[in-house]
Number of protein chains: 4
Amino acid sequence: MENFQMRTDLALEARESITEADSELRGVRVEEYDLEEEDIHVTKVMIDTKNAAKAMGKPMGIYVTMEAPAMVEPDDGYHREISCCLAQEILELLPGAEQEQSILVVGLGNREVTADALGPQVVDNLFITRHIVKEYGKAAYNCERMNQISALEPGVMAKTGMETAEIVKGVVAETEPDALIVIDALAARSTKRLNRTIQITNTGIQPGSGVGNHRNALTQESLGVPVIAIGIPTVVDAATIVNDALEKLLEEEKSLAGARFKERQKLSFAELNNMYMTGKDIDAVIKRVSFTVSEGINIAIGENLMA
Amino acid sequence: MENFQMRTDLALEARESITEADSELRGVRVEEYDLEEEDIHVTKVMIDTKNAAKAMGKPMGIYVTMEAPAMVEPDDGYHREISCCLAQEILELLPGAEQEQSILVVGLGNREVTADALGPQVVDNLFITRHIVKEYGKAAYNCERMNQISALEPGVMAKTGMETAEIVKGVVAETEPDALIVIDALAARSTKRLNRTIQITNTGIQPGSGVGNHRNALTQESLGVPVIAIGIPTVVDAATIVNDALEKLLEEEKSLAGARFKERQKLSFAELNNMYMTGKDIDAVIKRVSFTVSEGINIAIGENLMA
Amino acid sequence: MENFQMRTDLALEARESITEADSELRGVRVEEYDLEEEDIHVTKVMIDTKNAAKAMGKPMGIYVTMEAPAMVEPDDGYHREISCCLAQEILELLPGAEQEQSILVVGLGNREVTADALGPQVVDNLFITRHIVKEYGKAAYNCERMNQISALEPGVMAKTGMETAEIVKGVVAETEPDALIVIDALAARSTKRLNRTIQITNTGIQPGSGVGNHRNALTQESLGVPVIAIGIPTVVDAATIVNDALEKLLEEEKSLAGARFKERQKLSFAELNNMYMTGKDIDAVIKRVSFTVSEGINIAIGENLMA
Amino acid sequence: MENFQMRTDLALEARESITEADSELRGVRVEEYDLEEEDIHVTKVMIDTKNAAKAMGKPMGIYVTMEAPAMVEPDDGYHREISCCLAQEILELLPGAEQEQSILVVGLGNREVTADALGPQVVDNLFITRHIVKEYGKAAYNCERMNQISALEPGVMAKTGMETAEIVKGVVAETEPDALIVIDALAARSTKRLNRTIQITNTGIQPGSGVGNHRNALTQESLGVPVIAIGIPTVVDAATIVNDALEKLLEEEKSLAGARFKERQKLSFAELNNMYMTGKDIDAVIKRVSFTVSEGINIAIGENLMA
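Draft legend 1. Representation of a negative patch on the surface. Negative charge collects at one region of the surface, where Glu32, Asp34, Glu36 and Asp39 of chain A lie side by side. With respect to the helices, strands and loops of the structure, Glu32 of chain A is situated in strand β1 (residues 28-35).

As structure tokens, then:
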């Protein structure tokens, strides 16, 4: 498996794919707890060393995963209990959250592709305050503290001709926020995590393998301010799922292993390249979970500051 | 394999899946020709008998498949050459096309799910005339002949609470068109046909296995007027593609056959049920091919009637 | 003013435009009350006789107007207090609301024109149950009573080539609901009522002058089942507002009256025909009030039936 | 009239509002010509001096107005003849158009408000090349010259919390284009120009009165590179049109002049503030004219460079 690029964005899955022998990996700490009333299972993976980062294929930092099975179900209040838990986790990862801040929320993805529209739809429901505070002061909200919230939907390269990172860097340099919150739809390895898991991390967004200083990264290193990334797996990479199915088969049928299998695998990849798999009700799901996330952000940095 | 429901909407693929021994199937005629300048390969499958319909898993009728590899590529004129070819095929299948007619175009699918938005997007670009002709006569268009074109986007059951067929039947009974053209996104068995194949058939739409008089059918039998269905495969069913990959593997590794395999297959189906696979640029593709189809319809029944 | 078509959809405004002398008009009863905590002023105009209907330019029936100034303001809970009040008024006008019913909600208007998108956006947020109850019975909702809710977005004639009434009639005949709730954006005479008034009436929708049996009406008379219409004024007719401004001027400057004025008025109408006036933040307003209305309907006929 | 802010974005109208006595205004040159076959009337207003700029209420520069009545009519080819004429005018105003350039197209406005969606919809149909040329070189297009086209939809302040100019400045600083083309919907003074006039200017965008170095300007002065602005009037300011109607009345009825009139005018303004007037078919119009503009840009800086 060494040379095979793991096609997952979830740190939880990266960890699961490590074999038993690695399970006590040095430099990786794991904490887990349940919010029983809300039926949410929280896992925190802390990658503390460069070696651990390399082994995990994920940069050093904190990865919080909230598994909330209820999130896929319709709910009158858009699962406010999940939004509240998300708000709590955001505040723990956001440096200086106890002071007034200027926060730029970036909604990544493509509004026109349903499964990739999480970022744009989250941005649609945010409580935007920066222009009001700048024009009238926080008195406009009749409160003593008010964060300045701004939001950006940079679009995708096929439509802008620009890297997302170029657009975000330029806007950060010009508007000088204290921190970024970046929202993106993720790819999971397994269909069972789709749309019911939220990952929050303080490592930002690392395109591709995720280790190293990539020119397209949205990280504290590249932008100069803390970057909290919030993601929900909404798709499964098509090549991954076929590969996983074949591999399960192989585990039982040792006779198939070897060169022929690897060749076949590459063939299936060629055909499935640039394809993804998602659920038939993805429009209703994205509408719902985007609201849960935007409310989480509103609670964390918007509304709860009102006197 | 007898009891395994073929999950494909393309008659061409249904035929391909028939083994060599069946290839000279009685009651099925096949014609093929190339439009060389336009780089379009046309296959006509004519299913003439009930027995052949049963063997093919498709109702009796004519299935025209246009394979046009250029369709996935951007083009200034939205591939007008493909639209013209499509118009020709529509006119051949549409009874009474030489007379003035009232035609209702129905755009099936879900506008909010990109890969399923073909029908609604085709309807967006049609040249609608029925209300003008009814109000002012065809003189409004300064021509001697003018079809009355109307269009309906019935939506999907999860959002309407009604079967598509209920809505269409009601509107047909009230507005009494001479014929229907129904547009839908299809599922292909193979990724290589995605977005580059147009199927036109005079059998209408048959949900599920496609044989028999289903309450949800949109057919001449259920609606009382001819129904031409136009479809483009935009997705691959997720379970199908995994199944196909496994099967190829099996062909070479006979040892794996038997009970264990079938069980595993069912497991993978349970997980992949209600999932589909599509390309990452599906928004640009749907925008383009929907225009090609709507222009084909406009040429066939709209614009070419102008004096 | 007799021959001048009043261009307003609000019964409240129709009544206001009647002069002092007419104010005790026979056959018209008016009730008013305030919901103080919710800051909602409710006016019920009951037109009981044909003569009164003629004088008012509105068909016989009950017109409830809820004036809720808070509705234009953002609110975390989408003004649930207004939704609750709306639900109450719907239930009072809906015959047989105490029994299980099948109700079709029709969202009129054009999704692509922001100020006219109220109906389509209300339909987007409804709790649709008909298909579930028909397939699995009300047991699916774990309750003893469950209305069957269905919804239709018929679109506008320029895009369908069909009258809205044709589409609705066909779907009603095929799916046989017990009652209709029809949602539409209205035109007000005055900008001060925009987006903060909800009108609920049991007279359905009467295009044009509103009296008589019009072929495009959506009424109990034309459809055979009760029709509750819910409307919110989102635009002011451009010609109306210019006319009103001129008239105010005239009241004080008697010298201007007479033939010349009327001629000028017609000129301004020619230019302003087919134009409307609306606010610059109409997108945010429609998004918000459509949610308030859909929640009102959900409370009235959807959710409150759960055991 | 001195103290009354002219609420128009069209230089042509600014000029028309200057009285006879000023018509030979020094520092303003006007050229007019007709493209007879295409039925387009072109007016070039060149404001050469600061005094003239002050008198006109418009910055120094060149303002080209194309009056094309056909633009409001449907057309199979989306009025390619108008696109070609627009391309010609763009190339005349764009410095260095004979060399390979990197051009950023900015689509101003609010996608969710139909009459304000011109900019975003133009951007949707552009031929974006920057990312391809940067990754693969111009060889990717099999041509000797290829401009690098990028595009940005900055959104509106109510949704981003940032000034449009902040976002654009940041992106310009980071991606360093050679020139900008900025698209915006304009307000006209008269309904007769709506949707049939294109204004192209090399002065960029000046919010408000348009003279002086405003922090929100998108100009060569503020951005450091040439800025071509393309606008189409899609709305009439509501207060303007009422004011104009009253004024026409006044011209004939001198008795009304004076203090009372001015007061009344202010009252009507208070009510009409933040309102605009537009046509009922604005969705179809914007869809059409945005395509005409995007094709004009594609011809000017995209497609015509192909070998």
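Draft legend 2. Molecular detail of the pattern of salt bridges. For the structure shown, the criterion picks out 36 salt bridges over all chains. For Arg111 of chain C, the salt bridge goes to Asp124 of chain C, with nearest N and O atoms at 3.0 Å. Placement of the pair is Arg111 of chain C in the loop between β4 (102-107) and α4 (118-124) and Asp124 of chain C in helix α4, with a sequence separation of 13 residues. By relative accessible area, Asp124 of chain C is classed as partly exposed at 34%. Beyond isolated ion pairs, a larger network of salt bridges with shared partners links Lys44, Glu89 and Glu92 of chain A.

Draft legend 3. Region of interest: the state of the cysteines. Scanning the model with the defined rule gives 0 disulfides over all chains in all. No disulfide involves Cys85 of chain A; its sulfur sits 8.8 Å from the nearest other cysteine sulfur, which is in Cys84 of chain A.

Draft legend 4. Quick look at the packing of helix α3 (residues 80-93) of chain D against helix α11 (residues 282-302) of chain D. Residues and elements named next belong to chain D. Put simply, α3 and α11 touch, their axes get as near as 7 Å, and they point 50° apart. By the angle between their directions, the pair α3 and α11 is classed as oblique. At the point where α3 passes α11, the crossing takes the right-handed sense. Contacts between α3 and α11 pair Arg80, Ile82, Ser83, Cys84, Leu86, Ala87, Ile90 and Leu91 from the former with Thr292, Val293, Glu295, Gly296, Ile297, Ile299 and Ala300 from the latter. Residues that form the contact of α3 with α11 fall into these classes: 10 nonpolar, 3 polar and 2 charged.

Draft legend 5. Expanded view of the pairing of strand β5 (residues 148-152) of chain B. Residues and elements named next belong to chain B. Judged by how many residues are buried, β5 sits mostly within the fold: 4 of 5 residues are covered. The sheet contact formed by strand β4 (residues 102-107) and β5 spans 5 bridges and is parallel. Paired with Val106 across the bridge in β5 is Leu152.

Draft legend 6. Spotlight on the pairing of strand β8 (residues 227-237) of chain A. Residue and element names in this part refer to chain A. Of all the 11 residues making up β8, 11 are buried; the element is thus mostly covered by neighbouring parts of the structure. Direction of pairing for strand β6 (residues 179-188) relative to β8: parallel, over a ladder of 9 bridges. Opposite Ala185, over in β8, you have Ile232 as the bridge partner. Direction of pairing for strand β7 (residues 197-201) relative to β8: antiparallel, over a ladder of 3 bridges.

Draft legend 7. How the structure looks around the side chain of Thr234 of chain A. Residues and elements named next belong to chain A. Residue position: Thr234 is located in strand β8. Take Thr234: its relative accessible area is 0%, and that puts it in the buried class. If we ignore the near neighbours within four places in the chain, the residues touching Thr234 are Ala115, Ala185, Leu186, Leu194, Asn195, Met277, Thr278, Ile282 and Ile286.

Draft legend 8. Representation of the environment of Ile230 of chain D. Residue and element names in this part refer to chain D. Within the element layout of this structure, Ile230 appears in strand β8 (residues 227-237). Taking the relative accessible area as the measure of exposure, Ile230 reaches 3% and is therefore buried. The spatial distance from the C-alpha of Ile230 to the C-alpha of Thr197 is 11 Å, given a sequence separation of 33 residues. Filtering out sequence-adjacent residues up to four positions away, Ile230 remains in contact with Leu86, Ile90, Ile181, Val182, Ile183, Asp184, Ile198, Gln199, Ile200, Val293 and Ile297.

Draft legend 9. Here's a closer look at unusual backbone geometry. Residue and element names in this part refer to chain D. Not every positive phi belongs to a glycine, and Asp39 is a case in point at roughly 55°. Among the secondary structure elements, Asp39 is positioned in the loop between β1 (28-35) and β2 (40-47). Within the chain, Asn195 stands out as a residue other than glycine whose phi angle is a positive 65°. Mapped onto the elements, Asn195 comes out in the loop between β6 (179-188) and β7 (197-201). Overall, Asn195 belongs to the buried group, its relative accessible area being 9%.

Draft legend 10. Examining the environment of Tyr63 of chain A more closely. Residues and elements named next belong to chain A. As for its placement among the helices and strands, Tyr63 is situated in strand β3 (residues 61-67). Residue Tyr63 is classed as buried on the basis of its relative accessible area of 2%. C-alpha separation for the pair Tyr63 and Leu93, spaced 30 residues apart in sequence, amounts to 9.6 Å. Apart from residues no more than four positions distant in its own chain, Tyr63 is found in contact with Ala11, Thr43, Lys44, Val45, Ile47, Lys58, Gln199, Ile200, Thr201 and Thr203. Of the polar contacts made by the side chain of Tyr63, one reaches the backbone oxygen of Pro59; its length is 2.5 Å.

Criteria and thresholds
- Residue numbers here run from 1 along each chain, matching the order of that chain's written sequence.
- Note on labels: chains are lettered from A, ligands numbered from 1, in written order.
- Reporting of local features is limited, given that this is a predicted model, to residues whose pLDDT is at least 70; pairs of side-chain atoms are given and counted only at 80 or more, and all residues count toward the totals for whole chains, interfaces and linings.
- Hydrogens and waters are ignored; side-chain quantities use all the structure's heavy atoms.
- The patches reported here contain residues having more than 30% relative accessible area and no salt bridge. Joining distances are 9 Å for like charges and 5 Å for nonpolar side chains (Val, Leu, Ile, Met, Phe, Trp, Tyr).
- What sets the accessible areas is the Shrake-Rupley method with a 1.4 Å probe; for residues, cover comes only from the shown protein chains.
- Basic side-chain nitrogens of Lys or Arg form a salt bridge, by our definition, when they fall within 4 Å of a carboxyl oxygen of Asp or Glu.
- Asp and Glu count as negative and Lys and Arg as positive, but His and the ends of the chain are not part of the count.
- Each charge is placed at NZ for Lys, CZ for Arg, CG for Asp and CD for Glu.
- A helix here means a DSSP run of H or I that spans at least four residues, while a strand means a run of E at least two residues long, and both kinds are numbered starting from the N terminus.
- The rule is simple: take the accessible area with a 1.4 Å probe, protein chains only, and divide by the maximum for that residue type; under 20% is buried, over 50% is exposed, in between is partly exposed.
- The disulfide criterion is simple: two cysteine sulfur atoms within 2.5 Å.
- Helix axes are fitted to C-alpha atoms over the stretch in contact, other axes to C-alpha atoms as well, and angles between N-to-C directions run from 0 to 180 degrees.
- Should an angle lie under 35 degrees it is considered roughly parallel, over 145 roughly antiparallel, and from 65 to 115 roughly perpendicular; all remaining angles are considered oblique.
- For any pair of crossing helices, the crossing counts as left-handed if the nearer helix is rotated counterclockwise from the farther one by less than a right angle, and right-handed if it is rotated clockwise.
- Contacts are assigned to residue pairs with any non-hydrogen atoms lying within 4.5 Å of each other.
- Nonpolar residues are Ala, Val, Leu, Ile, Met, Phe, Trp, Tyr, Cys and Pro. Charged residues are Asp, Glu, Lys and Arg, and all others, Gly as well, are polar.
- Note: two strands are recorded as paired if DSSP finds a minimum of 2 bridges between them.
- Two N or O atoms form a polar contact when they lie within 3.5 Å of each other; inside protein one atom must be a possible hydrogen donor and the other a possible acceptor, and for residues adjacent in sequence the pair counts only when both atoms belong to side chains.

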